[in-house]
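Coordinate inspection notes
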Amino acid sequence: MSCVSWLFALWSITAPSLLLVGLVGRQLGLRVGLQCVQAEACSRWSTPSNQGLFKDGDVVIGGLFSLHHQTPALDYDFTQLPQHKPCTGLEHIPLQYMYAMVFALEEINHSSKLLPGVKLGYHIFDSCGLPRWALLATLSLVGGDSVSCNSTDPPADSAGNGEEIKHMAGGPPIPLIIGGASSTTGQILSRMLGPLSVPLISYLSSCPCLSDRLQYHNFFRTIPSDNFQARAFAQLAVHFKWTWVGAVVANNNYGLTALKVFQEEIEGAGVCLAFVETLQRENIVSDATRAALTIQASTAHVILIFTWYTDVRELFVQLAKINVTDRQFLASEAWSTSSDLLQSLVTSKVATGVLGVAIRSSPIPGFESYLRNLNPSLRPDDEFLREFWEKEFGCSPVVANLSSTQLIANRLLQKTSLPPCSGTESLEGVKNLFIDTSQLRVTYNVYLAAYAAAHALHSLLSCPDIDRPGGSNVSTCSSPKNLKPIEILQHLNKVNFTTPQGELFYFQGGDIPAKYDLVNWQKTSEGPLKLVLIGRVDGLDLHLNESAIEWSTGSNQVPASVCSDSCPPGTRKANRKGEPLCCFDCLPCAEGEISNKTDSLLCQQCPSEFWSNAKRTSCIPRQLDFLSFNETLGITLATAAVTGTCVTTAVCVVFLCYSQTPMVRANNSELSFLLLLSLKLCFLCSLVFIGRPSVWSCRFQQAVFGISFVLCVSCLKVKTIVVLAAFRSARPGAEALIRWFGPSQQRGSVCFLTCVQITICAIWLTLSPPVPQRNLGFQGSKVTLECAMDSVVGFSLVLGYIGLLACTCLLLAFLARKLPDNFNEAKLITFSMLIFCAVWVAFVPAYVSSPGKYSVAVEIFAILASSYGLLFCIFAPKCFIILLRPEKNTKKHLMAR
């Protein structure tokens, strides 16, 4: 098959087809399109260029690194073989990654304990940061198409241009590859190598999807899954009580997966996302502008950024344009240690105080010295080092131990206009990212990957001691020449060793235990920001030195980022309709309810014996409440009672002084004095209701009240009957009627009517007397201590008997109101009984509806009102005549019609 046909076949197939090509190439030993041509370099069509670093060994390990960032397009000339132009733009940091692998393998080759007698080699290619080129290079590695370009033959001049023709030879298939600088590349390569069981150890593929052992059973990595850094950010948000967080993520698997894990972790932890903005690499300017405006408009002051550092750089530029400089950023490992951002003046204006999760850093002893001693004169086949040398020193390095003819041919091949180097150039005094080993992060991951591969090979190639007693006589050794990738894969799953730095290393599935550094961007006097280690993440454990953190505010005060401030004790959270749970209002607890914690969802009801304090933060014992002599209401009622007693006494004195006058004698003076005595008892009995209730006071107050009023109403009733009898006896044939209502009968009637009430009270107080009891039914800060009526029937009988007498008296007085006389006392009794009945009819509903001690006050008021009504309606007119109109206090005047 011609090379052109192979070109069309390869470029038309998809990834599964490429896998098939790899399988066929592996099984049949196919060499795809190898051809030596007179060209700039010895090149194969299936790889971007011949640029690579090769070293033979007993076991050869493949390596893939994104060493260049500028990837020119393929030159489509269908009249000849396809030509790849070389990648340009050498990156210093990936170059350091590559030499970390080389350093580790050389260190292992010099070890007497690890793989003794076995020499490790390497075939390293540049993938230029493109998954498809990484795929082509991987096909070459596993298909045995790795090349060795030898320039030992003298230059041929058959073409007349004097250019050297390099010879290429195929190598054995590579049983293990270290590479995959992105998760996408890792997924593609793992799926392609899976059917061949070729292990792939990645140093930078962090997608959680690669932890799926069913899909990626041959994939291993020395960088933790992004799940763990997303969980670390969730822990930081909860730890610092950031409940309102914004998120800006890459619109790809890296950003969206991390965002999903972060959301799962904060669910139920009281943290909400204020907004989510995505950044697309192809539209980075417009996306960054939109995200910057969202950040400016949001009330969230903590912003989580999960994207590549180049996207962050554009976002910071847009934030600086609109002067947003007060946000606290959380950085993912993709940009938390970016030197470009740390050195940028725009970043120092916008992103001071960044708190980031970074790939853990660890020193590699001897590595800095190894880098500084690199020299292209000692490594003539290292095209990467030559390119770095030319860029760093501006001259073309001279390769030692080459003949003059070879030197001339070498310069012709390079087609460089740079002057030759003097040979005194050295990396000892150079300061750049390639030489900087102060914080080896991904570099250390590459170093670990090389050691993991070596320990798996060591376990596979080690033989049991057949001379050991009880040992097996059958050797299970594998030969370096007959290694099977599936055997290496099996031993990689069981790798467990201690690194030269004293760190325990093992795989959990295809992952390693999560370990991160927590870093903080802090200001320096020079202007750029510096990276400060302030903690670490070990699995799910967060270890943080908070005192070392410099926040975006420029102080050690943790910035706040909440949608709503926390609800203090004494209030409860009330969610706002249609808004996230982190946005809420704080409502004060109702009376009798408390909340003693911040951000309480509910207020708790106090026990019945307790009540909430003024701040609604704790339950305090209720105060005993009763009508006392120390409060205004008690003093007022007591004063009214004493005043009534005094007025009654004064009236009694007046009647005593004028007892021989017609006014006093004409109205049955004996009943009048008895009535005054009963009124005085009525006024005084109200004082028994005031004060702390006790067993005896509860019994005494109702009995005195009932008996006093029955005595009072009985006197009025008898007086009314006497008035009726006196006027009826004046009729012919009715002279004997008055005899039945003489003084003795009057006293007997009063005593009898009163004794009925006494009997009712005695039975009531004997069977079920009122007792002091705390009334908890009224919700308030006080417990009412009152006399509980255990027997409503008894109290009803007392009131009912009084009401019966009062109604009877009112009826009789109403009948006698028009009897002929100048001074008819029946009129006065009628008015007094109307007032009396009105008061006690209104008393019943008022008493029932009044809470606590106010029911007692209502009863006292009814007693005093009815007593004053009787006193003034009956005795005020008489005292007025006796004292102010003595000329009317005559028998003639009283008898006149």
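Conventions used here
- Residues numbered from 1 in each chain as written.
- Predicted model: local features only at pLDDT ≥ 70, side-chain atom pairs only at ≥ 80, totals over all residues.
- Heavy atoms only, no water.
- Pairing = 2+ DSSP bridges.
- Helix = DSSP H or I, 4+ residues; strand = E, 2+ residues; numbered from the N terminus.
- Axes fitted to C-alpha atoms, helices over the stretch in contact; angles between N-to-C directions.
- Salt bridge = Lys/Arg side-chain N within 4 Å of Asp/Glu carboxyl O.
- Buried < 20%, exposed > 50% of the residue type's maximum accessible area, 1.4 Å probe, protein only.
- Phe/Tyr/Trp six-rings, centres within 6.5 Å; stacked < 30°, edge-to-face > 60°.
- Contact = heavy atoms within 4.5 Å.
- Patch = residues over 30% accessible without salt bridge, like charges linked within 9 Å, V, L, I, M, F, W, Y side chains within 5 Å.
- Areas by Shrake-Rupley, 256 points an atom, 1.4 Å probe, with all protein chains shown as cover.
- Disulfide = S-S within 2.5 Å.
- Polar contact = N/O pair within 3.5 Å; in protein donor to acceptor, adjacent residues only side chain to side chain.

1. Here we look at the sheet that holds strand β27 (residues 623-625)
An order of β27-β29-β28 is seen for the 3 strands of this open sheet, with the pairing classed as mixed. Looking at which strands have only one partner, the edges of the open sheet turn out to be β27 and β28 (771-775). Looking at each pair of strands side by side, their axes are set apart by 35° on average, direction ignored. Sheet analysis places β28 next to strand β29 (residues 782-788), joined by 5 bridges and oriented antiparallel. Bridge assignment links Q773 to a residue of β29, and that residue is E786.

2. As for the pattern of salt bridges
Per the stated rule, a full pass over the model turns up 19 salt bridges. Across the pair R231 and E265 runs a salt bridge whose closest N-O atoms are separated by 3.5 Å. Taken together, the positions of R231 in helix α6 (residues 226-239) and E265 in helix α7 (residues 253-266) put the pair 34 residues apart, joining distant regions of the chain. A residue is classified by how much of its surface remains accessible, and R231, at 27% relative accessible area, is partly exposed. Across the pair R281 and D311 runs a salt bridge whose closest N-O atoms are separated by 3.1 Å.

3. Side note on the packing of aromatic side chains
Counted under the stated rule, the structure contains 37 aromatic pairs. Ring geometry for F655 versus F875: centroids 5.4 Å apart, planes at 75°, classification edge-to-face. Of this pair, F655 sits in helix α17 (residues 632-657) while F875 sits in helix α24 (residues 853-884); the two residues are 220 residues apart in sequence, bridging distant segments of the chain. Here F655 falls in the buried class, since its relative accessible area comes to 0%.

4. Notes on the sheet that holds strand β13 (residues 302-306)
What the 8 strands build is an open sheet, ordered β12-β11-β13-β14-β15-β18-β19-β20; its pairing is mixed. Looking at which strands have only one partner, the edges of the open sheet turn out to be β12 (272-279) and β20 (541-544). Within the sheet, the average angular offset between the axes of one strand and its neighbour, ignoring direction, is 25°. Relative to β12, strand β11 (residues 244-250) is paired through 7 bridges, and the arrangement is parallel. What sits directly across from V248, in β12, is E277. On the sheet, helix α8 (residues 284-297) packs against β11, β12, β13 and β14 (328-331) and is oriented at approximately 160° with respect to β12.

5. Focus: a nonpolar patch on the surface
On the surface, Y658, F880, L883 and L884 cluster together to form a nonpolar patch covering roughly 370 Å² of accessible area. Considering the arrangement of structural elements, one finds L883 in helix α24.

6. Concerning the state of the cysteines
In the structure shown here, the tally under the stated rule is 8 disulfides. The side chain of C567 participates in a disulfide bridge whose partner is C586; the two sulfur atoms lie 2.0 Å from each other. Its S-S torsion of approximately -90° makes the covalent link between C567 and C586 left-handed. Within this pair, whereas C567 is found in the loop between β20 and β21 (571-575), its partner C586 is found in strand β22 (residues 584-588), the two being separated by 19 residues in sequence. A disulfide bridge connects C606 with C619, and the sulfur atoms are separated by 2.0 Å. Residues C606 and C619 are joined through a disulfide that is left-handed, its torsion about the S-S bond being -90°. In this pair, C606 is assigned in the loop between β24 (604-605) and β25 (610-612) and C619 in strand β26 (residues 619-621), connecting sequence segments 13 residues apart. The class for C606 is buried, based on a relative accessible area of 8%. Left unpaired, C755 is separated from the closest cysteine sulfur, that of C751, by 6.2 Å.

7. Concerning the environment of N373
Tracing the backbone through its elements, the reader meets N373 in the loop between α12 (367-372) and α13 (383-393). Separated by 55 residues in sequence, N373 and E428 place their C-alpha atoms 7.4 Å apart. Separated by 3.0 Å, the side chain of N373 and the backbone oxygen of S369 make a polar contact.

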